[in-house]
Amino acid sequence: MAIMDFGGVQEEVVTREEMPLPRARQILKNEVVGILGYGPQGQGQGMNLRDNGIKVIIGQRKGGRGWKDAIADGWVEGKNLFQTIEEVVARATIIEFLLSDAGQKEQWPKLASCLRAGQALSFSHGFSVVFRDRTGVVPPPSVDVILVAPKGAGRTVRANFLAGSGINSSFAVHQDATGRARERVIALGIAIGSGYLFPTTFENEVYSDLTGERGVLLGAIAGMMKAQYDVLRAMGHSPSEAFNETVEESTQSLYPLMGKNGVDWMIGACSTTAQRGALDWAKKFEAATKPVMEELYRSVRTGAEAQRTLDTCGAPDYRERLEGELDVWRTMEMWKAGATVRSLRPENWAGAKAGKAPARKAAKKSAKKTAAKKKAAPKRAKRPAKKKGKR
Ligand SMILES: NC(=O)c1ccc[n+]([C@@H]2O[C@H](COP(=O)([O-])OP(=O)(O)OC[C@H]3O[C@@H](n4cnc5c(N)ncnc54)[C@H](OP(=O)(O)O)[C@@H]3O)[C@@H](O)[C@H]2O)c1
C-alpha cells in the first residue's frame, strides 16, 4: 500500500506498483471467477478479467438482455456461460454477485444454498450486506466476503481498460474466512481493470455511493440543469440557447476540464466576468443545496433509500415503468432540444451525411458560427492558467 496525502489527510491506496498484473495473475492462478449477472458491471469486469488471462465464467438467466450481450461478447453456453447460479457456484472459487441489488435479494436463498467453505463472495456494492435486515443477505462464516466497487459505470470499466488506463475502485473485506481475503480482493480489483484501489468498508461504500448517485452524480445535476433551463425559457430564451448554456457547454467543455485540472484552474481560466459570477454564486448554491444533501444522507442511513430501491426495482413491471419515467425526460422540450444540439456536433455529422441533409446543413451553419465565435472571443477556458503544484 502507498500512503498518499488527500487534501492534508493521509490515506492508503493500492496502485499497480503495489499489485502489478502479473502478481494478481499469480494470486488468482488457481481461482475460477464466476460472475453472476451480465449487466453493465458483469460485462465490463468479465471481459477485462478474460482479457487479463483470468479463468472466468458467467452466470446469466436466459431470455433477457444480459444473455444476448453475453453471447454477442463470445461467451459460450456450457463452456463459460451458464444459466443457473448452481452451475456457476459449482465451478467457481470466487463468486462475483453482480445481479441488480433487487435481484440479489431475490436470488440470495439459491446462492446461499450452494456456497462452499473457502469460496469468496465478492460484491461491487455494499448494499445487500449492509442492508441485510431488508435483503436477508447474510453470508455463512466459512466464506470470504469482499468488495471491489468500480467508481464508474460498467461501460467505463471496459472503455478505460481498452484505452490502456483503468478505473479507480474501492475495496473492502467484510469477512476473512480463509486468511486470504485481502490478497484475493486486491488481486481481483486489479484484474477487473482498476487503475488503483482505495480502502473502504461495506458501510462507507454504500452510504457514499447512494448519496453520490442521488446527488451530484445524477439526481442533483439533472434537477439543477432542469431548473436553470426552465428559468431561461420562462424569461424568453430559445431552447437552443437555454440548452447550450445549461448542458452542452458544461458537459462538453467545462466539466471535462474541471475533471482534468481542478475547479480553481477552471474558474481561473474563464473570463473575469465568469470568474466573479462563479465565485459569488457558488456560495449561494452551496447554502441552498446543503440542507437537501443532509436530508439525502439521512434518508440513505436510515435505509429508506434502500427500501425504496428494493420495492420499486424488484417489481416485475419495473423495466416498463422505468421506460415510462425515462420517456418523460426524453420527450420534454429541454432534452428534445438536447438531441438536436447533439446532432449538430461535428462528430455526429456522419448520420446526417447518410441522408439527413437538413441536419447536416444546420450543423454546418452552426459550425461556421462556432468557429467564427471562437476566433473572435473565446468566452470560456480562454487560456490555461499557470499550474500550481501537482494536479
Ligand atoms: N452500473 C454501475 O455503474 C455500477 C457501478 C458500481 C457498482 N455497481 C453494482 O454492481 C452490481 C451490478 O450492477 P449492474 O449495473 O451491472 O447491473 P444491474 O443493471 O443492476 O443488473 C443487471 C443484471 O442483473 C440480472 N438480474 C436482475 N434481476 C434478476 C433476478 N431477479 N434474477 C436473476 N437475474 C437478475 C439481469 O439479468 P437480465 O439481463 O436478464 O435482466 C442482469 O444480468 C450492483 O450491485 C450495482 O450496485 C454498479
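Everything in this summary refers to the structure shown in the same document.

### Let's talk about helix α8 (residues 154–162)
Reasoning step 1: Turning to α8, its buried residues number three or more, namely Gly154, Val157 and Arg158. The buried residues of α8 occupy an angular sector of 90° when projected down its axis, which confines them to one face.
Reasoning step 2: Residues of α8 that are buried in the fold lie against α2 (40–51), β8 (144–150) and β9 (167–175).
Reasoning step 3: Positive phi shows up at Gly164, right after α8, with a value of about 90°.

### Thoughts on the sheet that holds β8
In a beta sheet, neighbouring strands pair by backbone hydrogen bonds and run either parallel or antiparallel.
Reasoning step 1: Spatial ordering of the open sheet is given by β1-β2-β10-β9-β8-β7-β6-β3-β4-β5, a layout of ten strands whose pairing is mixed. Each edge of the sheet is formed by a strand with only one pairing partner; in this case those strands are β1 (2–6) and β5 (81–82).
Reasoning step 2: Pairing geometry for strand β7 (residues 120–123) and β8, over four bridges, is parallel. When the bridges of β8 are listed, Ala120 appears paired with Asp144.
Reasoning step 3: Its contacts with the sheet place helix α9 (residues 181–191) against β2 (9–15), β3 (33–36), β6 (94–97), β7, β8, β9 and β10 (194–199), and it is angled at close to 25° to β8.

### A look at the pairing of strand β4 (residues 56–59)
Reasoning step 1: Taking every second residue as pointing to the same face, both faces of β4 are buried, with Val56 and Ile58 on one and Ile57 and Gly59 on the other.
Reasoning step 2: Relative to β4, β3 runs parallel, the two being bridged by four bridges. By the bridge assignment, Gly34 is partnered in β4 with Ile57.
Reasoning step 3: Handedness of the β-α-β unit built from β3, α2 and β4 comes out right-handed.
Reasoning step 4: Two elements, β4 and β5, share two bridges in a ladder whose sense is parallel. By the bridge assignment for β5, Gly59 is matched with Phe82.
Reasoning step 5: With respect to chirality, the unit in which β4 leads through helix α3 (residues 65–72) into the neighbouring parallel β5 is right-handed.

Conventions adopted
- Residues numbered from 1 in each chain as written.
- Predicted model: local features only at pLDDT ≥ 70, side-chain atom pairs only at ≥ 80, totals over all residues.
- Heavy atoms only, no water.
- Buried < 20%, exposed > 50% of the residue type's maximum accessible area, 1.4 Å probe, protein only.
- Helix = DSSP H or I, 4+ residues; strand = E, 2+ residues; numbered from the N terminus.
- Arc of directions from axis to C-beta.
- Contact = heavy atoms within 4.5 Å.
- Pairing = 2+ DSSP bridges.
- Axes fitted to C-alpha atoms, helices over the stretch in contact; angles between N-to-C directions.
- Right-handed = clockwise from strand over helix to strand, strands pointing away.

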